[in-house]
Amino acid sequence: MQNKKTADLLSPGAHEVVVDSLNQRYHVYGSGPVCLAMPGGPGVIWESLRAPALEEFLTMVYVEPLGTGGSQRIPSHPDGYTRERYRRSLMGLLDRLSLPRVFLLGHSHGGFVAQYVALHHPDRLRGLVLYESAPVTGPEHMAEAATRVEEFVHRNEGRPELPAALDALQSVGAVTDDEKITAALRGLLPLYFAHYWDREDELRGFREAVACTYISSRDGNGESDIIDDRATLPKLTVPTLVVVGRHDVICGPRWAQELHTLIPRSQLVVLENSGHLGHVEEPEAFAGAVRAFTESTSV
(Lines give C-alpha, C1' and ligand atoms only; values in the text may rest on other atoms or scores of the structure.)
Protein backbone atom coordinates (compact mmCIF):
# COMPACT_ATOMS: atom_id res chain seq x y z
CA MET A 1 0.00 0.00 0.00
CA GLN A 2 1.53 3.31 -1.07
CA ASN A 3 1.50 6.22 1.33
CA LYS A 4 0.10 9.56 0.14
CA LYS A 5 3.55 11.07 -0.45
CA THR A 6 4.59 8.17 -2.66
CA ALA A 7 1.26 8.21 -4.50
CA ASP A 8 1.66 11.92 -5.24
CA LEU A 9 5.20 11.46 -6.52
CA LEU A 10 3.97 8.61 -8.76
CA SER A 11 0.94 10.43 -10.15
CA PRO A 12 0.85 10.74 -13.96
CA GLY A 13 2.99 13.44 -15.52
CA ALA A 14 6.27 15.24 -14.91
CA HIS A 15 7.88 15.48 -11.47
CA GLU A 16 11.00 16.97 -10.01
CA VAL A 17 12.76 16.14 -6.75
CA VAL A 18 16.08 17.17 -5.24
CA VAL A 19 18.58 14.34 -4.99
CA ASP A 20 22.13 14.91 -3.80
CA SER A 21 21.51 18.69 -3.98
CA LEU A 22 20.61 18.44 -7.68
CA ASN A 23 17.22 18.65 -9.38
CA GLN A 24 16.17 15.25 -10.75
CA ARG A 25 13.28 15.20 -13.21
CA TYR A 26 11.22 12.15 -14.18
CA HIS A 27 7.94 11.30 -15.91
CA VAL A 28 5.27 8.82 -14.84
CA TYR A 29 2.88 6.93 -17.13
CA GLY A 30 0.84 3.76 -16.82
CA SER A 31 -0.20 1.53 -13.94
CA GLY A 32 1.04 -1.63 -12.30
CA PRO A 33 4.40 -2.53 -10.72
CA VAL A 34 6.91 0.31 -10.86
CA CYS A 35 9.66 0.20 -13.49
CA LEU A 36 12.40 2.83 -13.64
CA ALA A 37 13.55 3.42 -17.22
CA MET A 38 16.99 4.82 -18.01
CA PRO A 39 17.49 6.10 -21.60
CA GLY A 40 20.60 5.78 -23.70
CA GLY A 41 23.27 8.06 -25.04
CA PRO A 42 24.42 9.22 -22.62
CA GLY A 43 22.40 12.37 -23.15
CA VAL A 44 19.51 11.20 -25.36
CA ILE A 45 16.12 12.61 -24.33
CA TRP A 46 13.88 10.43 -22.22
CA GLU A 47 11.08 10.50 -24.81
CA SER A 48 13.24 8.31 -27.05
CA LEU A 49 12.57 5.42 -24.65
CA ARG A 50 8.88 6.00 -24.06
CA ALA A 51 7.00 2.77 -24.69
CA PRO A 52 3.20 3.11 -24.36
CA ALA A 53 2.81 -0.66 -24.71
CA LEU A 54 4.71 -1.12 -21.43
CA GLU A 55 2.47 1.41 -19.71
CA GLU A 56 -0.47 -0.97 -20.10
CA PHE A 57 0.90 -3.19 -17.31
CA LEU A 58 3.70 -1.22 -15.61
CA THR A 59 3.98 2.14 -13.90
CA MET A 60 6.79 3.50 -16.05
CA VAL A 61 9.04 6.07 -14.37
CA TYR A 62 11.07 7.55 -17.21
CA VAL A 63 14.16 9.18 -15.76
CA GLU A 64 15.77 12.28 -17.23
CA PRO A 65 19.38 11.49 -16.32
CA LEU A 66 21.46 14.22 -14.73
CA GLY A 67 22.72 16.64 -17.35
CA THR A 68 19.78 16.12 -19.72
CA GLY A 69 16.45 17.85 -20.15
CA GLY A 70 15.03 19.28 -16.94
CA SER A 71 17.52 17.51 -14.69
CA GLN A 72 20.39 19.58 -13.38
CA ARG A 73 23.93 19.47 -14.73
CA ILE A 74 26.81 18.54 -12.47
CA PRO A 75 29.58 21.14 -11.97
CA SER A 76 32.05 19.25 -14.20
CA HIS A 77 29.63 19.06 -17.16
CA PRO A 78 30.12 17.63 -19.80
CA ASP A 79 32.59 15.36 -17.94
CA GLY A 80 32.01 13.32 -14.82
CA TYR A 81 28.79 11.50 -15.68
CA THR A 82 30.08 8.13 -14.51
CA ARG A 83 27.94 5.15 -13.68
CA GLU A 84 28.69 5.78 -10.03
CA ARG A 85 27.23 9.27 -10.35
CA TYR A 86 24.12 7.94 -12.05
CA ARG A 87 23.84 5.20 -9.40
CA ARG A 88 23.70 7.80 -6.64
CA SER A 89 21.03 9.69 -8.52
CA LEU A 90 18.84 6.63 -9.13
CA MET A 91 19.14 5.36 -5.57
CA GLY A 92 18.33 8.82 -4.27
CA LEU A 93 15.24 8.90 -6.47
CA LEU A 94 14.11 5.50 -5.18
CA ASP A 95 14.59 6.74 -1.63
CA ARG A 96 12.54 9.87 -2.32
CA LEU A 97 9.79 7.72 -3.82
CA SER A 98 9.91 5.44 -0.75
CA LEU A 99 9.99 2.40 -3.02
CA PRO A 100 11.69 -0.70 -1.65
CA ARG A 101 11.95 -2.87 -4.80
CA VAL A 102 11.27 -2.00 -8.43
CA PHE A 103 12.01 -3.18 -11.93
CA LEU A 104 14.86 -1.36 -13.67
CA LEU A 105 15.06 -1.08 -17.46
CA GLY A 106 18.12 0.39 -19.15
CA HIS A 107 18.45 1.05 -22.85
CA SER A 108 21.89 1.17 -24.51
CA HIS A 109 24.10 3.33 -22.24
CA GLY A 110 21.23 3.18 -19.77
CA GLY A 111 21.79 -0.57 -19.74
CA PHE A 112 25.40 -0.05 -18.66
CA VAL A 113 24.08 2.03 -15.78
CA ALA A 114 21.32 -0.45 -14.95
CA GLN A 115 23.65 -3.45 -14.69
CA TYR A 116 26.00 -1.41 -12.48
CA VAL A 117 23.09 -0.50 -10.19
CA ALA A 118 21.94 -4.13 -10.08
CA LEU A 119 25.40 -5.31 -9.08
CA HIS A 120 25.55 -2.81 -6.22
CA HIS A 121 21.92 -2.83 -5.05
CA PRO A 122 20.32 -6.21 -5.79
CA ASP A 123 18.07 -5.78 -2.75
CA ARG A 124 16.36 -2.77 -4.36
CA LEU A 125 15.33 -4.53 -7.56
CA ARG A 126 12.59 -7.00 -8.43
CA GLY A 127 14.03 -7.50 -11.88
CA LEU A 128 16.40 -6.05 -14.45
CA VAL A 129 15.83 -5.50 -18.17
CA LEU A 130 19.04 -4.95 -20.15
CA TYR A 131 17.81 -3.62 -23.47
CA GLU A 132 20.43 -3.22 -26.20
CA SER A 133 23.23 -3.26 -23.63
CA ALA A 134 26.72 -4.81 -23.52
CA PRO A 135 29.23 -5.99 -20.91
CA VAL A 136 32.06 -3.85 -22.25
CA THR A 137 32.87 -0.57 -24.01
CA GLY A 138 36.11 0.70 -25.55
CA PRO A 139 38.11 -0.66 -28.51
CA GLU A 140 36.54 -4.14 -28.52
CA HIS A 141 33.04 -2.68 -28.56
CA MET A 142 33.95 -0.19 -31.29
CA ALA A 143 35.45 -2.92 -33.49
CA GLU A 144 32.28 -4.98 -33.26
CA ALA A 145 30.18 -1.91 -34.09
CA ALA A 146 32.35 -1.26 -37.16
CA THR A 147 31.70 -4.80 -38.37
CA ARG A 148 27.97 -4.37 -37.84
CA VAL A 149 27.98 -1.07 -39.73
CA GLU A 150 29.66 -2.82 -42.66
CA GLU A 151 26.83 -5.36 -42.64
CA PHE A 152 24.30 -2.51 -42.60
CA VAL A 153 26.04 -0.90 -45.59
CA HIS A 154 25.96 -4.20 -47.50
CA ARG A 155 22.21 -4.58 -46.82
CA ASN A 156 21.53 -1.01 -48.00
CA GLU A 157 23.89 -0.70 -50.95
CA GLY A 158 22.56 1.59 -53.64
CA ARG A 159 20.30 3.65 -51.40
CA PRO A 160 20.91 7.34 -52.14
CA GLU A 161 20.41 8.27 -48.48
CA LEU A 162 23.17 5.96 -47.22
CA PRO A 163 26.22 8.27 -47.66
CA ALA A 164 24.63 11.06 -45.60
CA ALA A 165 23.84 8.64 -42.75
CA LEU A 166 27.41 7.33 -42.76
CA ASP A 167 28.80 10.89 -42.80
CA ALA A 168 26.67 11.71 -39.75
CA LEU A 169 28.00 8.63 -37.97
CA GLN A 170 31.58 9.66 -38.71
CA SER A 171 30.95 13.17 -37.38
CA VAL A 172 29.97 12.08 -33.86
CA GLY A 173 33.51 11.82 -32.51
CA ALA A 174 34.25 15.47 -33.29
CA VAL A 175 31.03 16.94 -31.88
CA THR A 176 31.10 18.74 -28.53
CA ASP A 177 27.86 20.74 -28.28
CA ASP A 178 24.15 19.95 -27.95
CA GLU A 179 22.98 21.31 -31.31
CA LYS A 180 25.60 19.44 -33.32
CA ILE A 181 25.22 16.15 -31.43
CA THR A 182 21.46 16.32 -32.02
CA ALA A 183 22.01 16.94 -35.74
CA ALA A 184 24.45 14.02 -35.91
CA LEU A 185 22.08 11.70 -34.07
CA ARG A 186 19.20 12.54 -36.39
CA GLY A 187 21.48 12.07 -39.37
CA LEU A 188 22.74 8.63 -38.38
CA LEU A 189 19.45 7.35 -36.96
CA PRO A 190 18.59 5.16 -39.99
CA LEU A 191 21.50 2.93 -38.91
CA TYR A 192 19.70 2.35 -35.61
CA PHE A 193 16.70 0.78 -37.33
CA ALA A 194 16.46 -2.51 -39.15
CA HIS A 195 14.51 -1.10 -42.11
CA TYR A 196 14.29 2.67 -41.67
CA TRP A 197 14.02 3.64 -45.34
CA ASP A 198 11.35 1.02 -46.01
CA ARG A 199 9.30 2.51 -43.15
CA GLU A 200 10.34 6.14 -43.42
CA ASP A 201 6.82 7.60 -43.44
CA GLU A 202 6.13 5.77 -40.16
CA LEU A 203 9.47 6.49 -38.46
CA ARG A 204 10.24 10.01 -39.66
CA GLY A 205 8.46 11.63 -36.71
CA PHE A 206 10.62 9.79 -34.20
CA ARG A 207 13.75 10.82 -36.07
CA GLU A 208 12.74 14.48 -36.24
CA ALA A 209 11.86 14.61 -32.53
CA VAL A 210 14.94 12.91 -31.06
CA ALA A 211 17.44 15.22 -29.37
CA CYS A 212 20.61 14.84 -27.35
CA THR A 213 22.74 16.71 -24.83
CA TYR A 214 26.48 16.47 -25.34
CA ILE A 215 27.91 14.40 -22.50
CA SER A 216 31.46 13.14 -22.77
CA SER A 217 32.73 9.64 -21.99
CA ARG A 218 35.26 11.09 -19.53
CA ASP A 219 35.19 10.93 -15.75
CA GLY A 220 35.59 13.89 -13.42
CA ASN A 221 39.35 13.86 -13.95
CA GLY A 222 39.04 13.98 -17.73
CA GLU A 223 40.06 10.32 -18.15
CA SER A 224 38.23 7.93 -20.48
CA ASP A 225 35.57 6.01 -18.58
CA ILE A 226 35.86 2.50 -20.05
CA ILE A 227 33.43 -0.20 -18.93
CA ASP A 228 34.17 -3.91 -18.53
CA ASP A 229 31.72 -5.85 -16.36
CA ARG A 230 32.65 -9.33 -17.53
CA ALA A 231 34.32 -10.29 -14.24
CA THR A 232 31.41 -9.14 -12.07
CA LEU A 233 28.28 -10.04 -14.05
CA PRO A 234 28.45 -13.74 -13.03
CA LYS A 235 27.80 -12.50 -9.48
CA LEU A 236 24.56 -10.76 -10.47
CA THR A 237 21.65 -12.19 -8.48
CA VAL A 238 18.78 -10.06 -9.83
CA PRO A 239 16.39 -11.82 -12.26
CA THR A 240 17.41 -10.45 -15.65
CA LEU A 241 15.91 -10.19 -19.12
CA VAL A 242 18.27 -9.37 -22.00
CA VAL A 243 16.57 -7.92 -25.10
CA VAL A 244 18.33 -7.21 -28.41
CA GLY A 245 17.43 -6.38 -31.98
CA ARG A 246 18.80 -8.80 -34.57
CA HIS A 247 20.04 -5.87 -36.69
CA ASP A 248 21.40 -3.60 -33.95
CA VAL A 249 24.72 -2.12 -35.08
CA ILE A 250 25.70 -0.59 -31.71
CA CYS A 251 24.92 -3.23 -29.07
CA GLY A 252 24.11 -6.21 -31.23
CA PRO A 253 23.43 -9.91 -30.66
CA ARG A 254 27.05 -10.74 -29.84
CA TRP A 255 26.88 -8.60 -26.72
CA ALA A 256 23.41 -9.78 -25.76
CA GLN A 257 24.59 -13.37 -25.94
CA GLU A 258 27.60 -12.52 -23.77
CA LEU A 259 25.36 -10.86 -21.20
CA HIS A 260 23.04 -13.87 -21.25
CA THR A 261 25.98 -16.25 -20.81
CA LEU A 262 27.55 -14.23 -18.01
CA ILE A 263 24.42 -13.50 -15.95
CA PRO A 264 23.10 -16.52 -14.04
CA ARG A 265 19.58 -17.65 -14.96
CA SER A 266 19.05 -14.72 -17.32
CA GLN A 267 16.57 -14.81 -20.19
CA LEU A 268 17.40 -13.72 -23.74
CA VAL A 269 14.93 -12.38 -26.30
CA VAL A 270 15.96 -11.45 -29.85
CA LEU A 271 13.67 -9.12 -31.79
CA GLU A 272 14.11 -10.42 -35.31
CA ASN A 273 12.95 -7.31 -37.18
CA SER A 274 14.55 -4.59 -35.06
CA GLY A 275 17.77 -2.66 -34.79
CA HIS A 276 18.63 -0.57 -31.75
CA LEU A 277 15.06 0.63 -31.15
CA GLY A 278 12.85 -2.41 -30.87
CA HIS A 279 10.28 -0.63 -28.71
CA VAL A 280 9.61 1.55 -31.77
CA GLU A 281 10.04 -1.07 -34.51
CA GLU A 282 8.36 -4.04 -32.82
CA PRO A 283 6.46 -2.55 -29.88
CA GLU A 284 4.15 -5.52 -29.35
CA ALA A 285 6.94 -8.09 -29.40
CA PHE A 286 9.07 -5.92 -27.11
CA ALA A 287 6.24 -5.35 -24.65
CA GLY A 288 5.27 -9.01 -24.76
CA ALA A 289 8.76 -10.07 -23.75
CA VAL A 290 8.85 -7.58 -20.88
CA ARG A 291 5.33 -8.53 -19.74
CA ALA A 292 6.17 -12.24 -19.65
CA PHE A 293 9.33 -11.48 -17.68
CA THR A 294 7.75 -9.17 -15.12
CA GLU A 295 4.79 -11.46 -14.56
CA SER A 296 7.07 -14.44 -14.00
CA THR A 297 9.24 -12.59 -11.51
CA SER A 298 8.20 -13.12 -7.91
CA VAL A 299 7.47 -10.15 -5.67
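Along each chain, residues carry numbers from 1 onward, in the same order as the chain's sequence is written. It should be noted that, the model being predicted, local features are given only for residues of pLDDT at least 70 and side-chain atom pairs only at 80 or more, the latter also being counted only at that level, while totals for whole chains, interfaces and linings use all residues. Think of the side-chain values as coming from all heavy atoms in the structure, minus any hydrogens and water.

(A) Just the pattern of salt bridges, in detail. The working definition used for a salt bridge is a side-chain nitrogen of Lys or Arg within 4 Å of a carboxyl oxygen of Asp or Glu. In the structure shown here, the tally under the stated rule is 21 salt bridges. Between Glu64 and Arg25 there is a salt bridge, with the nearest N and O atoms lying 3.5 Å from each other. Taken together, the residues span a long stretch of sequence, with Glu64 in strand 4 (residues 59-64) and Arg25 in strand 2 (residues 22-30) at a distance of 39 residues. Throughout, exposure labels follow a simple rule: accessible area from a 1.4 Å probe, protein chains only, divided by the maximum for the residue type, with under 20% read as buried, over 50% as exposed, and the rest as partly exposed. Note on Arg25: relative accessible area 25%, which makes it partly exposed. The salt bridge partner of Glu144 is Arg254, with a shortest N-O separation of 3.4 Å. Here the residue Glu144 occupies a position in helix 4 (residues 139-155), and Arg254 occupies one in helix 8 (residues 253-262), the gap between them amounting to 110 residues. Classification of Glu144 as buried rests on a relative accessible area of 17%. Each helix is a run of H or I in the DSSP string that is no shorter than four residues. Each strand is a run of E no shorter than two, and both are numbered from the N terminus.

(B) The arrangement of helix 6 (residues 178-188) in detail. The set of residues buried in helix 6 consists of Ile181, Thr182, Ala184, Leu185, Gly187 and Leu188. Two N or O atoms form a polar contact when they lie within 3.5 Å of each other; inside protein one atom must be a possible hydrogen donor and the other a possible acceptor, and for residues adjacent in sequence the pair counts only when both atoms belong to side chains. The N-terminus of helix 6 is capped by Asp177, whose side-chain oxygen sits 3.1 Å from the backbone nitrogen of Glu179.

(C) Main features of the packing of helix 4 against helix 8. Axis definition: a line fitted to C-alpha atoms, limited for helices to the stretch in contact. Angles are taken between N-to-C directions and run from 0 to 180 degrees. Orientation of helix 4 relative to helix 8, taken along the N-to-C sense of each, is 135°, at an axis distance of 10 Å. Taken as axis vectors, helix 4 and helix 8 run oblique relative to one another. Where helix 4 approaches helix 8, its residues Glu140, His141, Glu144 and Arg148 are matched on the opposing element by Pro253, Arg254 and Trp255. Should an angle lie under 35 degrees it is considered roughly parallel, over 145 roughly antiparallel, and from 65 to 115 roughly perpendicular; all remaining angles are considered oblique. The contact criterion used throughout is that any non-hydrogen atoms of two residues lie within 4.5 Å.

(D) Focus on the packing of aromatic side chains. Pairs were defined over the aromatic rings of Phe, Tyr and Trp, the Trp ring being its six-membered one, requiring ring centres within 6.5 Å. Orientation was assigned from the angle between planes: stacked under 30 degrees, edge-to-face over 60, tilted for the rest. Taken as a whole and judged by the stated rule, the model has ten aromatic pairs. Taking NZ or CZ as reference, Arg50 lies 3.5 Å from the ring centre of Tyr29, over its face. For a Lys NZ or an Arg CZ to count as sitting over a ring, it must be within 6 Å of the ring centre and within 35 degrees of the ring normal.

(E) Representation of the layout of surface pockets. Any residue with an atom within 4 Å of a point lines the site, the site being either a cavity, points on a 1 Å grid over the protein atoms alone where a 1.4 Å probe fits but cannot get out, or a pocket, an open set with protein on both sides within 12 Å along at least 5 of 7 lines. Grid points are joined across faces, edges and corners, and a volume is the space filled by probe spheres set on the points. Considered as a void within the structure, the largest pocket measures approximately 1,600 Å³ in volume. Among the elements of the structure, helix 3 (109-120), helix 4, helix 5 (162-171) and helix 6 are those that each provide at least two residues to the lining of the largest pocket. A per-element tally of the lining of the largest pocket places helix 4 first, with five residues. Looking at side-chain class alone, the lining of the largest pocket contains 26 nonpolar, 17 polar and two charged residues. In this classification, the charged set is Asp, Glu, Lys and Arg, the nonpolar set is Ala, Val, Leu, Ile, Met, Phe, Trp, Tyr, Cys and Pro, and all remaining amino acids, among them Gly, are polar.

(F) Looking closely at the environment of Ala174. One can find Ala174 in the loop between helix 5 and helix 6. Placed 165 residues apart in sequence, Ala174 and Leu9 show a C-alpha to C-alpha distance of 40 Å.

(G) Summary view of the pairing of strand 6 (residues 125-131). Of all the seven residues making up strand 6, seven are buried; the element is thus mostly covered by neighbouring parts of the structure. Both strand 5 (residues 102-107) and strand 6 contribute to a ladder of six bridges, which runs parallel. By the bridge assignment for strand 6, Phe103 is matched with Gly127. In terms of handedness, the path from strand 5 via helix 3 over to strand 6 forms a crossover that is right-handed. For two strands to pair, DSSP has to find at least two bridges joining them. Of the strand pairs in this sheet, strand 6 and strand 7 (residues 240-245) are connected by four bridges, and their pairing is parallel. Bridge pairing in strand 7 places Leu128 opposite Thr240. Here, the term right-handed applies to a crossover whose path from the first strand over the helix to the second runs clockwise when the strands point away from the viewer.

Geometric values such as these leave the question of function open.
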